[in-house]
Amino acid sequence: MAATFFGEVVKAPCRAGTEDQEEEEDERRETAEDREVRRQLARKREVRLFRRQTKTSLEVSLLEKYPCSKFIIAIGNNAVAFLSSFVMNSGVWEEVGCAKLWNEWCRTTDTVHLSPTDAFCVFYHLKSNPSVFGSCPRRNMQVTVLTCRHVTDYKTAESTSSLHSPFLKALKTENFKEPPCCSLLEQPNIVHDLPAAVLSYCQVWKIPAILYLCYTDVMKLDLITVGAFKPVLSSRSLKGLVKNIPQSTEILKKLMTTNEIQSNIYT
Amino acid sequence: MASRYDRAITVFSPDGHLFQVEYAQEAVKKGSTAVGIRGTDIVVLGVEKKSVAKLQDERTVRKICALDDHVCMAFAVLTLFKGLTADARVVINRARVECQSHKLTVEDPVTVEYITRFIATLKQKYTQSNGRRPFGISALIVGFDDDGIPRLYQTDPSGTYHAWKANAIGRSAKTVREFLEKNYTEDAIANDNEAIKLAIRALLEVVQSGGKNVELAIIRRNQPLKMFSAKEIELQVAEIEKEKEEAEKKKSKKTT
């Protein structure tokens, strides 16, 4: 035990190994009730794939059903808004499935009302070119990940007041040979959560993948942050998918107004 | 390293940062954008209005506040806060009381610099007290002094204040400030109308839905404060768009 300057009591880690043998024994004696609770939690945390319109679950793994050459994943509301308005408005995208999941950190279990910017995963594929989208590894596939992060997470030696946020940084796997459309993410910055998991998976399975990370100072849906993704439109992974840019800007503005959250805390 | 020295306001980090104050500056960026411009005979304050909820009474969502009106309405001090709304209300109340107290004691209205210094000192006190947190607000304070010279001051959560010719606070303040640095010229503020247009143009750089979400207030020398109505702002915006089109036509003529 140790006390700090502010009066909080902090338990100091013990380097001599585990202290109390008695505590361990107590934990091992798991009752049937504990096991039942654990089983229920595990069932709740299962990832379910289903079709939103018919609400039937997809038994066949999406992976085998839709092999593809390009997989684009957008994480976070700004990245999703960018993809919805710039990429998905050109051509007809058909929704092929939806992934529903829950864990203890989810704030809502409502899966019925989903907007394009909600935190669930919806899979789309391009009707005219079904080879775009999918998630089958080990085929000729290129993965693009788009996400946002707050600029205060960005570690740099230069003064943070000289940073022009929002700005784009890229991180790619070894097999990705094309030049990225922005500068690479420097050390000691690291990528967290789902984008990191996707990139690690791609690196292990030697899939060419690139992550475009937008550092912004506005984490909620914002026109300028979404605009910062525009250089990605010129990359080979998205080329040919984007046709109508002025219309995209209109769709984006509409998304903004429908999703504006009124908050009176900040003036 | 930051996490060990950022829990208490009264603790410096080894490299000299007061992290709570710096985090308070992040709170300021959560508000919408505001811009202040000091012209030769006019001061302009413009702010991006966030859309009000349907059932909310719009009158109670005022961003630009008067701190003091002199008896004959010749001088006034206007202010605009960005950051935590509740903090702004508290500071505005204290500042208004101070304006009246000053007038009663010294029989002269406050100068813009005096009231700015008062607000800044108040903010600084809260960065040096145990058990309190800094005010999460930045302010733009404009007005005319006795000598008829227009003034624009900006304060931030650390309690510093500076005089500016033109400045922006809130979200995307940097983008607006860069625009102002490029476009604030002697010509641009030569007459009052130009100064007003410069403020609106600066805001339109970052405002997401055009002129209808802009609130504007001006004080001209020896005249009372004027809040622009939505229609007047629309007129200005229309003029600005016309000027932009003409400038683009000229540019394309030059290149062909």
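Residues numbered from 1 in each chain as written. Chains lettered and ligands numbered in written order. Predicted model: local features only at pLDDT ≥ 70, side-chain atom pairs only at ≥ 80, totals over all residues. Heavy atoms only, no water.

Draft legend 1. Broad picture of the overall build of chain A. The secondary structure content of chain A amounts to 7 helices and 9 strands. Across the 267 residues that make up chain A, the buried fraction comes to 37%. Look at the contacts in chain A between residues 6 or more apart in sequence, and 77% of them connect residues 24 or more apart. Summed over its atoms, the accessible surface of chain A is roughly 16700 Å², and 54% of this surface lies on carbon and sulfur atoms. (Helix = DSSP H or I, 4+ residues; strand = E, 2+ residues; numbered from the N terminus. Buried < 20%, exposed > 50% of the residue type's maximum accessible area, 1.4 Å probe, protein only. Contact = heavy atoms within 4.5 Å. Areas by Shrake-Rupley, 256 points an atom, 1.4 Å probe, with all protein chains shown as cover.)

Draft legend 2. Expanded view of the side chain of B:T116. Structurally, the position occupied by B:T116 is in helix 4 (residues 112-125). B:T116 has contacts with B:I141, B:Y153, B:T155 and B:Y161, leaving out every residue within four places of it along the chain.

Draft legend 3. Highlighting the packing of helix 5 (residues 173-183) of chain B against helix 6 (residues 192-204) of chain B. Residues and elements named next belong to chain B. At a minimum axis separation of 9 Å, helix 5 and helix 6 run at an interaxial angle of 140 degrees. Of the two possible hands of crossing, helix 5 and helix 6 adopt the one that is right-handed. In this structure, helix 5 uses V176, F179, L180 and N183 to contact helix 6, whose residues at the interface are L198, R201 and A202. Grouping the amino acids of the contact of helix 5 with helix 6 by side-chain chemistry returns 5 nonpolar, 1 polar and 1 charged. (Axes fitted to C-alpha atoms, helices over the stretch in contact; angles between N-to-C directions. Left-handed = near helix turned anticlockwise from the far one by under 90°. Nonpolar A, V, L, I, M, F, W, Y, C, P; charged D, E, K, R; others polar.)

Draft legend 4. Just the confidence of the model for chain B, in detail. Residue and element names in this part refer to chain B. Mean pLDDT over chain B works out to 86, with 93% of the residues at or above the 70 mark. Taking the mean pLDDT of every element in chain B, the minimum, 63, falls on helix 1 (residues 2-5) and the maximum, 95, on strand 7 (residues 161-163). Reported confidence for the predicted complex is 0.75 by ipTM and 0.73 by pTM. (pLDDT = per-residue confidence, 0-100.)

Draft legend 5. Just the UniProt feature "coiled-coil region" (unreviewed entry) in chain B, in detail. In the UniProt entry, the feature "coiled-coil region" (unreviewed entry) is given for residues 228-255 of chain B. In residues 228-255 of chain B, the share of helix is 93% and the share of strand is 0%. The end C-alpha atoms are 39 Å apart. (UniProt positions renumbered as here; feature names shortened; annotations may be inferred.)

Draft legend 6. Structural view of the interface of chain A and chain B. Taken residue by residue, the interface counts 23 residues in chain A and 25 residues in chain B. Each partner contributes to the roughly 2000 Å² buried at the junction of chain A and chain B, and carbon and sulfur atoms together form 49% of this total. Along the contact surface separating chain A from chain B lie 0 salt bridges. Seen at the junction of chain A and chain B, the total is 2 residue pairs in polar contact (both at pLDDT 80 or more). Per-class residue counts for the side of chain A that touches chain B are 8 nonpolar, 10 polar and 5 charged. (Buried area = accessible area lost by both parts, 1.4 Å probe. Salt bridge = Lys/Arg side-chain N within 4 Å of Asp/Glu carboxyl O. Polar contact = N/O pair within 3.5 Å; in protein donor to acceptor, adjacent residues only side chain to side chain.)

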